[in-house]
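Observations on chain architecture
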Amino acid sequence: MTNWTPDDPFVDPFTGSGTIPIEAALIGQNIAPGFNREFQAEEWDSIPSTVWEQALEEAEDLANYDQPLDITGSDISHQSIEIAKHNAMEAGLADLINWKQMQAKDFMPKSEKGYLIGNPPYGERLGEKETVEQIYQDLGHIMSSYPKWSVYIMTSYQDFEKQYGQKATKKRKLFNGFIQTNYYQYFGKK
Ligand SMILES: C[S@@+](CC[C@H](N)C(=O)[O-])C[C@H]1O[C@@H](n2cnc3c(N)ncnc32)[C@H](O)[C@@H]1O
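What counts as what
Residues numbered from 1 in each chain as written. Predicted model: local features only at pLDDT ≥ 70, side-chain atom pairs only at ≥ 80, totals over all residues. Heavy atoms only, no water. Salt bridge = Lys/Arg side-chain N within 4 Å of Asp/Glu carboxyl O. Helix = DSSP H or I, 4+ residues; strand = E, 2+ residues; numbered from the N terminus. Buried < 20%, exposed > 50% of the residue type's maximum accessible area, 1.4 Å probe, protein only. Right-handed = clockwise from strand over helix to strand, strands pointing away. Pairing = 2+ DSSP bridges. Phe/Tyr/Trp six-rings, centres within 6.5 Å; stacked < 30°, edge-to-face > 60°. Core = buried A, V, L, I, M, F, W, Y, C linked by side-chain atoms within 4.5 Å. Contact = heavy atoms within 4.5 Å.

1. Focus: the pattern of salt bridges
By the definition in use, this model includes six salt bridges. For the salt bridge of lysine 85 with glutamate 82, the shortest nitrogen-to-oxygen distance reads 3.9 Å. Here the residue lysine 85 and the residue glutamate 82 both occupy positions in helix 3 (residues 78–90), the gap between them amounting to three residues, near one helical turn. Residue glutamate 133 is joined to lysine 129 by a salt bridge in which the shortest nitrogen-to-oxygen separation is 3.5 Å. In this pair, glutamate 133 and lysine 129 both sit in helix 4 (residues 129–143), four residues apart, roughly one turn of the helix.

Structure, rendered in structure tokens:
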């Protein structure tokens with residue numbers, strides 16, 4: 001749910017277990033979802049093995065492993081970065097994503113244009129509200145110097161735009177499991 005194309009830098013500064021960069025790398029190289037896993041249905045007699053072989057071959061032909069990618073996932077937590085690295089390896093994407101332990105407030109874009117996508121903490125736990133407000137303020141402050149970057153943030157925190165310091169170009173309701181969130185989309189200037 002972004003306008004990202006694989007030629008642009010892609011950053012998730014709240015990467016946790018790495019889901020977002022991993023999905024981006026799969027999209028970027030046009031790798032079919034589930035390509036690296038097995039399915040129970042492969043054992044079913046009603047589906048001849050040739051059907052599976054054909055589908056795999058088709059997916060393999062469509063993948064573009066030569067597409068260079070500039071995807072980074074960072075997180076304040078060392079442990080999350082270790083988990084994200086492990087998950088990327090399991091998905092067969094070990095060398096495709098840059099992982100870094102870093103606080104979001106230390107993020108500094110290296111290019112004029114790019115895409116930042118993240119699912120930051122929501123501040124729903126007791127005592128967390130002020131911490132997340134500071135994170136949103138810092139992020140808004142950094143990104144205000146990079147108007148050609150597009151920013152996409154998913155959070156359930158109601159006053160996100162106020163803390164970030166800018167009205168989103170578009171806002172969309174999304175569920176993260178059972179939690180209702182908003183997906184704030186800030187489109188970078190062309
Ligand atoms: C809602 S989780 C993100 C989940 C992630 N999308 C995934 O696939 O697992 C929020 C993440 O933000 C990280 N975080 C919290 N404060 C941070 C900060 N100040 N800078 C960077 N990351 C932070 C947490 O460690 C946590 O992994």
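There's plenty left to go through after this.
2. Here we look at the environment of leucine 56
Following the sequence through the fold, leucine 56 ends up in helix 2 (residues 49–62). Accessibility expressed as a relative area gives 43% for leucine 56, which makes it partly exposed. Through-space distance from the C-alpha of leucine 56 to that of alanine 32 is 9.1 Å; in sequence the pair is 24 residues apart.

3. Considering the pairing of strand 5 (residues 149–155)
Two faces belong to every sheet, and in a regular strand the side chains alternate between them. Most of strand 5 is tucked away: seven of the seven residues are buried. Alternating residues of strand 5 divide into Trp149, Val151, Ile153 and Thr155 and Ser150, Tyr152 and Met154, and every residue in both groups is buried. Running through helix 4, the crossover from strand 4 (residues 114–118) to the neighbouring parallel element strand 5 is right-handed. In terms of strand pairing, strand 5 meets strand 7 (residues 179–186) through five bridges, oriented antiparallel. Bridge pairing in strand 7 links valine 151 to tyrosine 186.

4. Brief notes about the packing of aromatic side chains
Each pair of aromatic rings is reported with the distance of its centres and the angle of its planes. Considering all chains together, one arrives at 11 aromatic pairs under this definition. Measuring from ring centre to ring centre gives 5.9 Å for phenylalanine 39 and tryptophan 52, while their planes differ by 20°; the resulting arrangement is stacked. Taken as a pair, phenylalanine 39 in the loop between helix 1 (19–28) and helix 2 and tryptophan 52 in helix 2 lie far apart in primary sequence, 13 residues in all. In this structure phenylalanine 39 comes out as partly exposed when scored by relative accessible area, which is 30%. The exposure class of tryptophan 52 is partly exposed, given its relative accessible area of 23%. Three or more aromatic residues joined by ring pairs make a cluster, and in this case those are Tyr136, Tyr157, Phe160, Tyr164, Tyr184 and Tyr186.

5. Describing the pairing of strand 3 (residues 97–101)
Both strand 2 (residues 71–75) and strand 3 contribute to a ladder of five bridges, which runs parallel. The residue of strand 3 that forms the bridge with serine 74 is lysine 100. One crossover worth recording links strand 2 to the parallel strand 3 by way of helix 3, and it is right-handed.

6. Side note on the nonpolar core
Trp4, Ile22, Ile71, Leu93, Ile97 and Trp99 are the most contacted members of the largest nonpolar core, which totals 26 residues. It is helix 1 that provides the largest number of residues to this core, a total of four residues. Those residues in contact with tryptophan 99, other than ones at most four positions away along the chain, are Thr15, Gly18, Pro21, Ile22, Gly73, Ile81, Ala84, Lys85 and Ala88. The next biggest cluster of nonpolar side chains, apart from the first, holds 20 residues, and it includes Val132, Tyr164, Ala168 and Tyr184.

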